[in-house]
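# Architecture at a glance
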Amino acid sequence: MKVKPASKHPPSLQAFHVMLKPRGPICNLACSYCFYLHKDALYPHAPFRMSDELLEAFTLQYIQAQNVPEITFAWQGGEPTLMGLDFFHKAVDYQRKYRQPGQKINNSLQTNAVLLDDEWCQFFKQHNFLLGVSLDGPRELHDTYRVDKGGQPTFERVMQGVKYLKKYRVEYNILACVNDRTAQHPLEVYQFLRDEVPATFLQFIPIVEKSTNPAHTVSPRSVMGSAYGHFLTTIFDEWVKNDVGKVFVQIFDVALAAWAGFRPGLCVHEATCGQALAMEHNGDLYSCDHFVDSKHFLGNMIAQSLVELIHLPQQRQFGRDKKAALPRQCRKCRVRFVCNGGCPKDRLLTTPDGEPGLNVLCDGYLAFFNHIDRPMRRMATLIQANRAPADIMEQPQLQKTSRATVKPGRKRH
């Protein structure tokens, strides 16, 4: 296989991120809300297995193209552990081979944890992999939608996988999807993940699916904006009283960064996007993990380098469109500095004025970001005074949330 060599990156490009899918959409589970399982239709009769030659070529190009001292390889799927352990041994060997002086290479891997065992976890520990584990909450909530190919529950197998991670002290975080069921039990979900798993790094990902019924915007499994807002505010109130500095919740970190005057740091809440792409098993590159379709196909790295693909006009336009397509209601919103309209995939509604592009979660984001205004402003002040945000827990009166008008944090340059 002849692969086009890496191009010299332009000075404006510091770094970009590619989510690798070495088995494509192939998975050993059949979660009801999974948006990626049906991507197999893009590649009829494909083997859905990244070749060693492509793995080596990608590793070389990805490392050469990054103008930063620290590079992360992100493995997702489908289920990436279905590639087998030998594949990942080769992956770290190639990383070691092509790593440039002074560079640090990181690996993260998102998994359903069902296949984890001693051998896998010894490898992850040895090579400092960060594992993301998909776990929606306690048994009855997790097993609502996270089932295997035979429709059987997976909770026990996931928890066994987590036990292996703990046994070998592999660093992990939990990705919990918030759907119509889990949204009704915010404290039950949070306290289970915090106390019983236990986990100190949490992501709460809202399930927003387009409905196949023309009478409805989203599927019945989806979380509605108001429910998502209630879910987040309920957990925040528990967290700000007891867990600041001990439990790290992604959207709370994003909010604190924004209130402290920094960029949110997560593509969902950045003003623009376009530097977090997805690569399929055969080298096909797409604009984003949530936009793996013919419209957002950029090309194949066998024919064009990663740098050339990421700088295609359509990819730059994809990134700018996130900001340019904001409806007037969002552009005037007081929480735009932290929200930025959310992910474009969720902008399925029209505003009262009839403009398209309003996020399904808009009312939830608005309620949540207004709710946390006062404690976020206080924690931002603590940071500016070179104090820990956790100091807010020593001042209960400052933990109280407020319906006051949100004011963005002072920008730092």
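Check the entry above for the structure.
Residues numbered from 1 in each chain as written. Predicted model: local features only at pLDDT ≥ 70, side-chain atom pairs only at ≥ 80, totals over all residues. Heavy atoms only, no water.

### Thoughts on the pattern of salt bridges
- The final tally for this structure, using the stated rule, is 17 salt bridges.
- Across the pair Arg139 and Glu156 runs a salt bridge, and its minimum N-O distance is 2.5 Å. With Arg139 in helix H4 (residues 139-145) and Glu156 in helix H5 (residues 155-167), this pair connects stretches of sequence that are 17 residues apart.
- Look at Arg139 and you get partly exposed, because its relative accessible area is 40%. (Salt bridge = Lys/Arg side-chain N within 4 Å of Asp/Glu carboxyl O. Helix = DSSP H or I, 4+ residues; strand = E, 2+ residues; numbered from the N terminus. Buried < 20%, exposed > 50% of the residue type's maximum accessible area, 1.4 Å probe, protein only.)

### Looking at the sheet that holds strand E8 (residues 276-279)
- Taken in spatial order, the ten strands make up an open sheet running E7-E6-E5-E4-E3-E2-E1-E8-E9-E10, and their pairing is mixed. Only two strands of the sheet have a single partner each, and these edge strands are strand E7 (248-249) and strand E10 (297-300).
- When E8 meets strand E9 (residues 284-286), the two strands line up antiparallel, connected through two bridges. Residue Met279 lies in a different strand from E9, and its bridge partner there is Leu285.
- Packing of H5 onto the sheet brings it into contact with strand E4 (129-134) and strand E5 (172-178), and relative to E4 it is tilted by some 160°. (Pairing = 2+ DSSP bridges. Contact = heavy atoms within 4.5 Å. Axes fitted to C-alpha atoms, helices over the stretch in contact; angles between N-to-C directions.)

### Describing the side chain of His296
- Relative to the elements of secondary structure, His296 occurs in the loop between E9 and E10.
- His296 gets classed as buried once you look at its relative accessible area, which sits at 13%.
- A polar contact is formed between the side chain of His296 and the side chain of Asp293, at a distance of 2.8 Å.
- When residues no more than four places from it in sequence are discounted, the contact partners of His296 are Leu285, Tyr286, Ser287, Phe291 and Phe318. (Polar contact = N/O pair within 3.5 Å; in protein donor to acceptor, adjacent residues only side chain to side chain.)

### Here's the deal with the nonpolar core
- Grouped together as the largest cluster of nonpolar side chains are 110 residues, with contacts concentrated most on Trp75, Leu193, Phe204, Trp239 and Phe369.
- Counting residues in hydrophobic clusters, the runner-up holds six residues, among them Tyr36, Tyr43, Phe48 and Val292. (Core = buried A, V, L, I, M, F, W, Y, C linked by side-chain atoms within 4.5 Å.)

### Here we look at the pairing of strand E2 (residues 70-75)
- Where strand E1 (residues 17-20) meets E2, two bridges bridge the pair, whose relative direction is parallel. What sits directly across from Leu20, in E2, is Trp75.
- Each parallel crossover has a hand, and for E1 linked through helix H1 (residues 52-65) to E2 it is right-handed.
- Bridge count for E2 against strand E3 (residues 104-111) is six bridges, and the pairing is parallel. Following the sheet pairing, Phe73 is matched in E3 by Asn107.
- Regarding the hand of the β-α-β motif, the stretch spanning E2, helix H2 (residues 85-98) and E3 is right-handed. (Right-handed = clockwise from strand over helix to strand, strands pointing away.)

### Structural notes on the packing of helix H7 (residues 225-242) against helix H13 (residues 362-371)
- For the pair H7 and H13, interaxial distance at closest approach is 6 Å and the crossing angle is 25°. One finds that H7 runs roughly parallel with respect to H13. Seen from above, H7 lies across H13 with right-handed handedness. Within the contact between the two elements, H7 uses Gly225, Ser226, Tyr228, Gly229, Leu232, Thr233, Phe236 and Asp237 and H13 uses Asp363, Gly364, Tyr365, Ala367, Phe368 and His371.
- Split by residue class, the contact of H7 with H13 holds six nonpolar, six polar and two charged. (Parallel < 35°, antiparallel > 145°, perpendicular 65-115°, else oblique. Left-handed = near helix turned anticlockwise from the far one by under 90°. Nonpolar A, V, L, I, M, F, W, Y, C, P; charged D, E, K, R; others polar.)

### Quick look at the side chain of Asn28
- With respect to the element layout, Asn28 can be found in the loop between E1 and H1.
- For Asn28, a relative accessible area of 19% puts it in the buried group.
- Within the local environment of Asn28, its side chain forms a polar contact with the side chain of Asn112, the two groups lying 2.9 Å apart.
- Contacts of Asn28, omitting those with residues within four sequence positions, involve Glu79, Leu82, Asn112, Val114, Leu115, Asp148 and Lys149.

### Brief notes about the environment of Phe369
- Relative to the helices and strands, Phe369 is located in helix H13.
- Using a relative accessible area of 0% as the deciding quantity, one classes Phe369 as buried.
- Once the C-alpha coordinates of Phe369 and Glu140 are considered, the two residues, 229 residues apart in sequence, prove to be 30 Å apart.

### Quick word on the packing of helix H8 (residues 250-259) against H13
- For the pair H8 and H13, interaxial distance at closest approach is 12 Å and the crossing angle is 65°. Relative to H13, the crossing made by H8 is right-handed. Side by side, H8 and H13 meet where Ile251, Phe252, Ala255 and Trp259 of the first sit next to Tyr365, Phe368 and Phe369 of the second.
- Looking at the contact of H8 with H13 residue by residue, the class counts come to seven nonpolar, no polar and no charged.

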